[in-house]
Amino acid sequence: MALDTRKFDALLTQLKGLECKDMYDNDFFLTWEKTDDELKAVWTVADILRTLREGNVSTKVFDSGLGISLFRDNSTRTRFSFASACNLLGLEVQDLDEGKSQIAHGETVRETANMISFMADVIGIRDDMYIGKGNAYMHAVSDAVREGHDAGVLEQRPTLVNLQCDIDHPTQTMADMDHIIHYFGGIENLKGKKVAMTWAYSPSYGKPLSVPQGVIGLFTRLGMDVVLAHPEGYEVMGEVEEVAKANAARSGGSFTKTNSMAEAFRDADIVYPKSWAPYAAMEQRTELYGNGNFDGIQALEQQLLAQNAQHKDWTCSEKLMSTTRDGKALYLHCLPADITGVSCEAGEVDASVFDRYRDPLYKQASYKPYVIAAMIFLSKFQDPAAVLRQLAERGQQRQFEMK
């Protein structure tokens, strides 16, 4: 395992040409709050970190410190990706279990944020279930630790990374895009590529809106032709659609909507069939939850399951895949997918389609630890290129090898 110095040097040259200094001592909430250069810097640093690790070079830039994770929704890939990212940089992970904390006894957001942050360098939060809540909570935590640092309570200000909120899932979509960039041989090859971000049938209800919203909010940045497809009544946030429209206008791409899955798939280069709950229903669930109306939540769930069942034909089938560009569109999913005949009777994707793309799907997921690590890295060092160069020159082995 030797470092590919040519690849490393080329990536480092790319990074030096990007304007990303404002990422230092800053958080990562939504992709559309970052500049084009800042997004490119995340992908570039992610690729550099991966190159170093593949070359058996340690990337531990912290000798001690914590990465705090708070997951208010279930997670496998993102949870382990955050832990992997922190470990890659030398941080130890501590999960905040709210059930075992003083939050249940009325501890405030400000107090909790400061109490967990005395030796924390990053806080990763997933809070995606309730409209108007998740992103707002993340900002409250960020504000609290900044105030704690300014007041001298905290020796350092932890960076906050959005591990999925009610609006966006930036670590997912940034990893998706890193996969796409590599698949098509470079970011310069993405302009004009057709992306079908489509709703797909699921036998469960209440899946967050943040993946489709994150996709249309990011992919339109790169000159791609993004189509959002869903049955009537499954709309996403209107303000995110406006972001997508503005992005497409600036990048030379396009953003369109349709109520036809077949239309979205036709000649598509990339397909992303994924179930989500209607925005109006998510708003209703948030209100019911806020009022403690759990009977109302159960009634809403039954209503939405019945609504979903009217659209079982919205599935990624072999027939639909054959209508994509040369019948070989890149199939994406954030996982886990509802696989027809495997994980459910009828679901988002045919088993044969999923099986054919299994390795690319796992490859897609493999970019997430590096993307998260890059977000943390760029927030911690004013001159990230210089630090990465020093890591390479130090050449500390990650895994011991006999000389």
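This text follows the structure it describes.
Residues numbered from 1 in each chain as written. Predicted model: local features only at pLDDT ≥ 70, side-chain atom pairs only at ≥ 80, totals over all residues. Heavy atoms only, no water.

**Let's talk about the sheet that holds strand β7 (residues 254-258)**
- A sheet is described by the order of its strands in space; here five strands give the open sequence β7-β6-β5-β8-β9, paired in parallel fashion. A strand with exactly one partner marks an edge of an open sheet, and here the two such strands are β7 and β9 (330-331).
- Relative to β7, helix α8 (residues 238-251) is tilted by about 140 degrees, and along the sheet it contacts β6 (225-229) and β7. (Pairing = 2+ DSSP bridges. Helix = DSSP H or I, 4+ residues; strand = E, 2+ residues; numbered from the N terminus. Contact = heavy atoms within 4.5 Å. Axes fitted to C-alpha atoms, helices over the stretch in contact; angles between N-to-C directions.)

**A short note on the sheet that holds strand β1 (residues 66-71)**
- The strand order across the open sheet formed by four strands is β2-β1-β3-β4, and the pairing between neighbours is parallel. Looking along the sheet, the strands with just one partner apiece sit at the ends: β2 (92-95) and β4 (159-165). Taken pair by pair, the neighbouring strands of this sheet meet at an average axis angle of 20 degrees, ignoring direction.
- Pairing geometry for strand β3 (residues 120-127) and β4, over five bridges, is parallel. What sits directly across from D127, in β4, is C165.
- In the packing of helix α15 (residues 368-380) onto the sheet, the strands contacted are β3 and β4, and the crossing angle to β4 comes to about 150 degrees.

**A look at helix α11 (residues 294-309)**
- Counted at 1.5 Å a residue, the expected span for α11 with its 16 residues is 22 Å, and the 23 Å between its end C-alpha atoms agrees.
- Within the span of α11, buried status applies to G296, I297, L300, L304, Q307 and N308. The buried residues of α11 all sit within an arc of 110 degrees when viewed along its axis, so they share a single face. Turned more than 90 degrees away from the buried face of α11, the exposed residues are D295, Q298 and Q302.
- On its buried face, α11 is in contact with α10 (279-290). (Expected span 1.5 Å × (residues − 1). Buried < 20%, exposed > 50% of the residue type's maximum accessible area, 1.4 Å probe, protein only. Arc of directions from axis to C-beta.)

**A few points about the nonpolar core**
- Core analysis: the largest hydrophobic core is formed by 122 residues, its most contacted members being M177, I180, M224, Y331 and L388.
- With sequence-adjacent residues up to four places away left out, L388 is seen in contact with F8, L12, L15, V45, I48, L49, L52 and F377.
- Y205, A281, L288 and L304 belong to the second largest nonpolar core, which has six residues in total. (Core = buried A, V, L, I, M, F, W, Y, C linked by side-chain atoms within 4.5 Å.)

**What about unusual backbone geometry?**
- Backbone torsion omega between L335 and P336 reads 0 degrees, so that peptide bond is classified as cis.
- Along the chain, P336 falls in the loop between β9 and β10 (339-340).
- Backbone geometry at Q164 places phi at a positive 135 degrees, although glycine is not the residue there.
- By the secondary structure assignment, Q164 is in strand β4.
- In this structure Q164 comes out as buried when scored by relative accessible area, which is 5%.
- In this structure, D326 is a non-glycine residue whose phi angle is positive, near 55 degrees.
- Within the secondary structure, D326 sits in the loop between α12 (318-321) and β9.
- Given the relative accessible area of 68%, D326 is considered exposed.

**Re the packing of aromatic side chains**
- One pass over the full model with this rule turns up eight aromatic pairs.
- Summarising the aromatic geometry, the rings of W199 and W314 are spaced 6.3 Å apart at their centres and angled 70 degrees between planes, so their arrangement reads as edge-to-face. Taken together, the residues W199 in the loop between β5 (194-198) and α7 (210-219) and W314 in the loop between α11 and α12 connect sequence positions 115 residues apart.
- Under the relative-accessibility criterion, W199 is labelled buried at 0%.
- On the basis of an interplanar angle of 55 degrees and a centroid distance of 5.8 Å, the ring pair of Y331 and Y357 is categorised as tilted. (Phe/Tyr/Trp six-rings, centres within 6.5 Å; stacked < 30°, edge-to-face > 60°.)

**Focus on the side chain of K380**
- By the secondary structure assignment, K380 is in helix α15.
- There is no salt bridge for the buried K380, and the closest opposite charge comes from D121, which lies 4.2 Å off by N-O distance.
- Here R157 takes part through its backbone oxygen, which lies 3.2 Å from a polar atom of the side chain of K380.
- Within the structure, the side chain of K380 is placed 3.3 Å from the side chain of T159, a separation counted as a polar contact. (Lys, Arg positive; Asp, Glu negative; His and termini not counted. Salt bridge = Lys/Arg side-chain N within 4 Å of Asp/Glu carboxyl O. Polar contact = N/O pair within 3.5 Å; in protein donor to acceptor, adjacent residues only side chain to side chain.)

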